[in-house]
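# Descriptive structure summary
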Amino acid sequence: MSLHTQLGRVSHLGYRVESFLAEDAAVAVLSTLPFSDGKCLFLASGSEVVELGVQIARGLTAKPLLLSLADSYLAAYGSAAKRDLSEWHLFDWRGCANCSRAADCSEECPRVRDVPFDRIGGFVFEPGNAGGTVRLPPRGLIQTLERSVRASEGLVVVDEVTTGFGRTGLWYGFEHYGISPDLVALGKGLGNGYPVSCLAMTRAIGARLEKERFHYAQSHQDNPLGCVVAKTVIDTLRRERLMERGARTGEVLLDGLRSVARSRDAVTDVRGRGLMIVLEVDGAGKKDVVTPLFRKLLDRGFLVGCKPAAGLLRFYPPLVISEDDVDGLLTALGEVLEDEA
Ligand SMILES: Cc1ncc(COP(=O)(O)O)c(C=O)c1O
């Protein structure tokens, strides 16, 4: 069903009204996750579902702290945005990035041993976007943290607001880590531009919430339009094999950016996964070297992301980008880097 069709029917329902549209959207979302018998709640923004996941982890475990990686961006407001140290333990994994013992990452490592797992009710993991700078934490570390959190009965909440729906070449960013979340927060790509988000959870978590009589209500919960959009997006991604397409194009773009970078001293790094890629330009922190590149690319018809403070150009194109457009972008980027040299 299309958004237009649904607009002519019911566009809003109170949260107490059950709707088959929410059921259909939940079935679609759960078909993309490892727990197809789970439960879903639909809201409007990524921040809302992350914050709800945080509230649930706190409510069900009654422990004072949650764990997250220090460089993660989780939400625009609430506990997940503020990450006050009285409520959060922030794990600084910079030292783990090039760890010579990464393959043997374990609870024995002093960095992990320092984490107060007995006081931690959950690990809120954002798999790689690191606030738009694309930082991909090591797989062994994430598995060690997951194991340790579970050993003290904590939950795993994954924030897939940016990394979900094929952005990293798979349905979800957590799939690159071989972990099993209890709750998954979804946004952005779920609506393909329309404001709908979803918190998906295992059946066991749903049952615990019912038993504990956990209460949460918002005006636009399970909004009919949002639910129709979410289901349509998932059906389209699957029918048109867009994830596979995005994964292939991501490899072409990453290789292409690396070869453009090879002959340019100004480029200090190119990193990414799927169609979530950044190119880092050395401005030595003094000068904004990125905005002129961004503007010149825009003049040539290419709208990319940029993060001047981090010296980054960001490439997060839609999964449908064509290889011709990728070629054009690489040519334009080579030219503008030449101009600025
Ligand atoms: C990883 C991550 N989590 C949560 C959010 C918040 O989502 P929203 O802006 O839809 O509230 C964002 C937004 O950029 C994000 O990148």
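Since we're looking at a predicted model, the values are computed, not measured. (Residues numbered from 1 in each chain as written. Predicted model: local features only at pLDDT ≥ 70, side-chain atom pairs only at ≥ 80, totals over all residues.)

On to the environment of Glu 87, then. Examined against the element boundaries, Glu 87 turns out to sit in the loop between helix H4 (79-82) and strand S3 (88-91). Taking the C-beta count within 10 Å as the criterion, Glu 87 has 14 such neighbours and is therefore assigned partly exposed. (Helix = DSSP H or I, 4+ residues; strand = E, 2+ residues; numbered from the N terminus. Buried ≥ 20, exposed ≤ 12 C-beta atoms within 10 Å, placed from the backbone.)

With that out of the way, let us pick up the sheet that holds strand S8 (residues 267-273). Strand-to-strand pairing in sheets goes through backbone hydrogen bonds, with the strands running parallel or antiparallel. If you trace the four strands from one edge of the open sheet to the other, you get S8-S9-S11-S10, paired in antiparallel fashion. The open sheet terminates on both sides in strands that have one partner only, identified here as S8 and strand S10 (305-307). On average, each strand axis in the sheet is tilted by 20° relative to the strand beside it, whichever way the strands run. In this sheet, strand S9 (residues 276-281) lies alongside S8 in antiparallel orientation, the contact comprising six bridges. (Pairing = 2+ DSSP bridges. Axes fitted to C-alpha atoms, helices over the stretch in contact; angles between N-to-C directions.)

For the rest of this paragraph, the subject is unusual backbone geometry. One non-glycine residue with positive phi stands out, namely Val 134, at about 55°. Along the chain, the position of Val 134 falls in the loop between strand S4 (120-125) and helix H6 (139-151). Of note in the backbone geometry, Glu 153 takes a positive phi value of approximately 65° without being a glycine. When you line up the elements, Glu 153 lands in the loop between H6 and strand S5 (155-159).

Formed by 97 residues in total, the largest nonpolar core has its most connected members in Val 29, Cys 198, Ala 230 and Leu 313. In terms of residue count, helix H8 (residues 224-239) provides more of this core than any other element does, eight residues in total. Mapping this core onto the domain boundaries places at least three of its residues in each of domain 1 (3-239) and domain 2 (242-340). Beyond its immediate chain neighbours, meaning those up to four positions away, Val 29 contacts Cys 40, Leu 186, Cys 198, Ala 200, Ala 230 and Ile 234. (Core = buried A, V, L, I, M, F, W, Y, C linked by C-beta atoms within 7 Å. Domains from an automatic or database assignment. Contact = placed C-beta atoms within 7 Å.)

Right, let's get into the packing of helix H2 (residues 20-30) against H8. Running from N to C, H2 and H8 point in directions that differ by 30°, and their axes come no closer than 8 Å. Judged by the inter-axis angle, H2 sits roughly parallel to H8. Our pair here, H2 against H8, has a crossing hand that is left-handed. On H8, the residues touching Leu 21, Ala 22, Asp 24, Ala 25, Ala 28 and Val 29 of H2 are Pro 224, Cys 227, Val 228, Ala 230, Lys 231, Ile 234 and Asp 235. Grouping the amino acids of the contact of H2 with H8 by side-chain chemistry returns ten nonpolar, no polar and three charged. (Parallel < 35°, antiparallel > 145°, perpendicular 65-115°, else oblique. Left-handed = near helix turned anticlockwise from the far one by under 90°. Nonpolar A, V, L, I, M, F, W, Y, C, P; charged D, E, K, R; others polar.)

With that settled, the discussion passes to the domain arrangement of the chain. We note that the domain assignment places domain 1 (3-239) and domain 2 (242-340) within the chain. The gap between the C-alpha centroids of domain 1 and domain 2 is 28 Å. Counting from both sides, the interface comprises 14 residues of domain 1 and, opposite them, 18 residues of domain 2. Considered class by class, the residues forming the side of domain 1 that touches domain 2 number four nonpolar, nine polar and one charged.

This paragraph deals with the packing of helix H9 (residues 242-262) against helix H11 (residues 323-340). One can describe the packing of H9 onto H11 by two numbers: an axis separation of 10 Å at closest approach and a directional angle of 20°. Judged by the inter-axis angle, H9 sits roughly parallel to H11. Taken as a pair, H9 and H11 cross one another with a handedness that is right-handed. Residues Thr 249, Val 252, Leu 253, Gly 256 and Val 260 of H9 form the contact with H11, whose participating residues are Glu 323, Val 326, Leu 330, Leu 333, Gly 334 and Leu 337. Of the residues assigned to the contact of H9 with H11, the class counts are seven nonpolar, three polar and one charged.

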